[in-house]
Amino acid sequence: MKTLAIYGLITGLVISGWMYLEFLAGFHGSEVGRYTGFAALLFTILGIYFGIRAYRNHDRAGRINFWQGVLAGVVISIFAGVITAAFTFVYLQYINPGFVDFMVNLKRQTLEQQGATEVQIQSNEMVTREIFQPLPQALRSFGGYLAAGSLFSLIMAGLLKTKRQDEA
C-alpha cells in the first residue's frame, strides 16, 4: 500500500505542477491551453503504469494478477485525485480566481457566434459560474481522475499482469 500511496502522491503532484506551469506560461487564457491539459492524462497513465509495476516488482515478489493490478491502479488514482482536487481548489480560489470569468467570457463568445439569444447567454453564464466554483470543480477533478485512472488501470493491469505458475 505504501508504494501505491507514494506513486499516487507523486502523480498528483506532477499533475498539479503541470497545471501551475500552464498557468505561469499563460496557457489557461489562450488557445494553446485548450490542448496542453491533455498532458495531465499522459502523466496519469505513466503514474499508474510505473506504480503498478513497482507494486508488482517490490511488494508482490514480481507477481500480480489482473484484478490486483486494477485495484493497485485505482488506489494510485485515488491518491492522485485527492492531490489534484486540493490543488484545483487552491488554484481557483487563490492562484487564478479570474479563471471563472475567463470561462464565462469564452462561453459567451461561443454562444454569440452560434446566434444564441441574450436570455440563453445569461442562463448559460449562471450555470458556467456555478460549474467553475472552486469546490464543485475540485470535486469534478477528483471524479474525473478517478474515472480516467480506473480506465487506465484496466489497460495497465492487462499489460503488467503475470501468468499463474500453472499457465507458464
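Explain the overall build of the protein chain here, please?
In terms of helices and strands, the protein chain carries 7 helices and 0 strands. Ordered by position from N to C terminus, the α and β elements of the protein chain give α-α-α-α-α-α-α. Taken over the C-alpha trace, the protein chain has a radius of gyration of 19 Å; the compact-globule value for 168 residues is 15 Å, which it surpasses by more than 25%. Taken along its principal axes, the extent of the C-alpha atoms in the protein chain is 70 × 30 × 25 Å. Here the protein chain holds 168 residues, and 35% of them are scored as buried. For the protein chain, contacts bridging at least 24 residues in sequence account for 79% of all contacts bridging at least 6. Here the protein chain has roughly 9,700 Å² of accessible surface; of this, 65% comes from carbon and sulfur atoms.

Where do I start with the pattern of salt bridges in this structure?
Close approach of charged atoms allows side chains with opposite charge to pair. Counted under the stated rule, the structure contains 5 salt bridges. The closest approach of N and O atoms between Glu125 and Arg108, which form a salt bridge, is 3.7 Å. Remark: Arg108 occurs in helix H5 (residues 99-113) and Glu125 occurs in helix H6 (residues 118-131); sequence separation between them is 17 residues. The partly exposed category is assigned to Glu125, whose relative accessible area is 24%. Within the structure, one salt-bridge network assembled from shared partners comprises Asp101, Arg108, Glu112, Glu118, Glu125 and Arg129.

For this particular structure, what's the right way to read the side chain of Ser77?
Structurally, the position occupied by Ser77 is in helix H4 (residues 66-95). Discounting residues that sit within four places of it in the chain, Ser77 has contacts with Ile48, Tyr145, Leu146, Gly149, Ser150 and Ser153.

Where do I start with the layout of surface pockets in this structure?
The rolling of a water-molecule-sized probe over the atoms marks out the regions of remaining empty space. As a volume, the largest pocket reaches approximately 820 Å³. Lining the largest pocket are 28 residues; nearest its centre among them are His28, Gly33, Gly37, Phe99 and Gln137. Those elements that place two or more of their residues in the lining of the largest pocket are helix H1 (2-24), helix H2 (33-36), helix H3 (39-59), H4, H5 and helix H7 (134-160). Sorting elements by how many residues they give to the lining of the largest pocket places H7 first, with 6 residues. Residue composition of the lining of the largest pocket, grouped by class: 15 nonpolar, 9 polar and 4 charged.

Sorry if this is basic, but what is going on with empty space enclosed by the protein here?
Applying the stated criterion across every chain yields a total of 1 cavity of 30 Å³ or more. Reported here for the largest cavity is a volume of approximately 30 Å³. In terms of lining residues, the largest cavity is bounded by Val104, Lys107, Arg108, Leu111, Ile121, Asn124, Glu125 and Thr128. Mapped by element, the contributors of at least two residues to the lining of the largest cavity are H5 and H6.

Is there a simple way to explain the packing of aromatic side chains in this structure?
Centre-to-centre distance and the angle between the planes together describe a pair of aromatic rings. Inspection of every chain in the model, using the stated rule, returns 9 aromatic pairs. Between Phe23 and Tyr91 the ring centres are 5.6 Å apart and the planes differ by 85°, which places this aromatic pair in the edge-to-face class. On the criterion of sequence distance, the pair formed by Phe23 in helix H1 and Tyr91 in helix H4 is long-range, its members being 68 residues apart. Since its relative accessible area comes to 26%, Phe23 is described here as partly exposed. Tyr91 gets classed as buried once you look at its relative accessible area, which sits at 3%. Ring geometry for Tyr49 against Phe50: centres 5.1 Å apart, planes inclined by 80°, an arrangement best described as edge-to-face. Judged by relative accessible area, Phe50 falls into the partly exposed class, the value being 35%.

Conventions and cut-offs
Counting restarts for each chain: residues are numbered from 1 in the order of the written sequence. Since the coordinates come from a predicted model, pLDDT governs what is reported: local features require at least 70, and pairs of side-chain atoms require 80 or more to be given and counted, while whole-chain, interface and lining totals use all residues. Hydrogens and water molecules were not included; the side-chain quantities draw on all heavy atoms of the structure. Secondary structure elements follow DSSP: runs of H or I no shorter than four residues count as helices, runs of E no shorter than two count as strands, and numbering proceeds from the N terminus. Computation of the radius of gyration draws on C-alpha atoms alone. For the globule rule, the value is 2.2 Å times the number of residues to the power 0.38. Note on classification: 1.4 Å probe, protein chains only; a residue is buried when its accessible area is under 20% of the maximum for its type, exposed when over 50%, partly exposed between these limits. Residue contacts are counted whenever heavy atoms from the two residues lie within 4.5 Å of one another. Each accessible area is a Shrake-Rupley result for a 1.4 Å probe, and residues are judged covered by the shown protein chains and nothing else. A carboxyl oxygen of Asp or Glu within 4 Å of a side-chain nitrogen of Lys or Arg is what we treat as a salt bridge. Here a cavity means grid points, on a 1 Å grid over the protein atoms only, where a 1.4 Å probe fits yet cannot get out; a pocket means an open set of points with protein on both sides within 12 Å along at least five of seven lines; lining residues are those with an atom within 4 Å of a point. Grid points are joined across faces, edges and corners, and a volume is the space filled by probe spheres set on the points. As a working rule, the residues Ala, Val, Leu, Ile, Met, Phe, Trp, Tyr, Cys and Pro are called nonpolar, Asp, Glu, Lys and Arg charged, and the rest polar, with Gly in that last group. Here a pair means two rings of Phe, Tyr or Trp (six-membered ring of Trp) with centres within 6.5 Å. Their orientation is stacked below 30 degrees between planes, edge-to-face above 60, and tilted elsewhere.

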